[in-house]
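In case you want the letters, here they are:
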Amino acid sequence: MREEIKGLAGFLVAGLGAVAALLAWAPLARVNVEGGFEGLHRDLSVLYIDLPLVAAGGALVPLTFWLLTLRRFHRPWLAALAAVAAAALGIWALTSWWAPYRAPEFAH
């Protein structure tokens, strides 16, 4: 595989990882954007703090595994497999660990 194609495949892995992470994260963040009951608990900080971090993590984790595996084993198919596995584990960790803040619906 030529070097240009390997580099392009790395960027493709990073882009797909970022999109997949954002698509997995968005339903969890919807509560903060909409605000819950009558919009009382709206927290838009998820859009300017969490969204860039999730996108960066979704891009960098698979790209890192792609580059390390490609450098070590020189097999593009193995690097792609490692990148997909790393993206899947990263997205699973994100959705199981990150939970948006949910204030009580009814205050006294």
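The structure contained in this document is the topic of the report that follows. Because the structure is a prediction, the values reported are computed rather than measured.

### Remarks on the nonpolar core
Point 1. In terms of nonpolar packing, the biggest core is built from eight residues, these being Ala-21, Trp-25, Ala-29, Val-46, Val-54, Ile-91, Leu-94 and Trp-98.
Point 2. Elements represented by at least two residues in this core include exactly helix H1 (3–34), helix H2 (45–73) and helix H3 (76–97).
Point 3. Apart from the residues within four sequence positions on either side, Val-54 is in contact with Ala-21, Leu-22, Trp-25 and Leu-94.
Point 4. Formed by six residues, the second largest nonpolar core is a distinct cluster that contains Val-13, Trp-66, Ala-79 and Ala-83.

### Here we look at the layout of surface pockets
Point 1. Taken as a whole, the largest pocket holds about 160 Å³ of empty space.
Point 2. As for the largest pocket, its lining consists of Ala-9, Leu-12, Val-13, Leu-16, Gly-17, Ala-20, Pro-62, Trp-66, Ala-80, Ala-83, Val-84 and Ala-87.
Point 3. Elements represented by at least two residues in the lining of the largest pocket include exactly H1, H2 and H3.
Point 4. For the lining of the largest pocket, a count of residues per class yields eleven nonpolar, one polar and no charged.

### What about unusual backbone geometry?
Point 1. For His-74, which is not glycine, the phi torsion reads 60° and is therefore positive.
Point 2. Here His-74 shows up in the loop between H2 and H3.

Reading guide: rules and limits
- Residues numbered from 1 in each chain as written.
- Predicted model: local features only at pLDDT ≥ 70, side-chain atom pairs only at ≥ 80, totals over all residues.
- Heavy atoms only, no water.
- Core = buried A, V, L, I, M, F, W, Y, C linked by side-chain atoms within 4.5 Å.
- Buried < 20%, exposed > 50% of the residue type's maximum accessible area, 1.4 Å probe, protein only.
- Helix = DSSP H or I, 4+ residues; strand = E, 2+ residues; numbered from the N terminus.
- Contact = heavy atoms within 4.5 Å.
- 1 Å grid on protein atoms, 1.4 Å probe; cavity = no way out; pocket = protein on both sides within 12 Å on 5 of 7 lines; lining within 4 Å.
- Points joined across faces, edges and corners; volume = space filled by probe spheres on them.
- Nonpolar A, V, L, I, M, F, W, Y, C, P; charged D, E, K, R; others polar.

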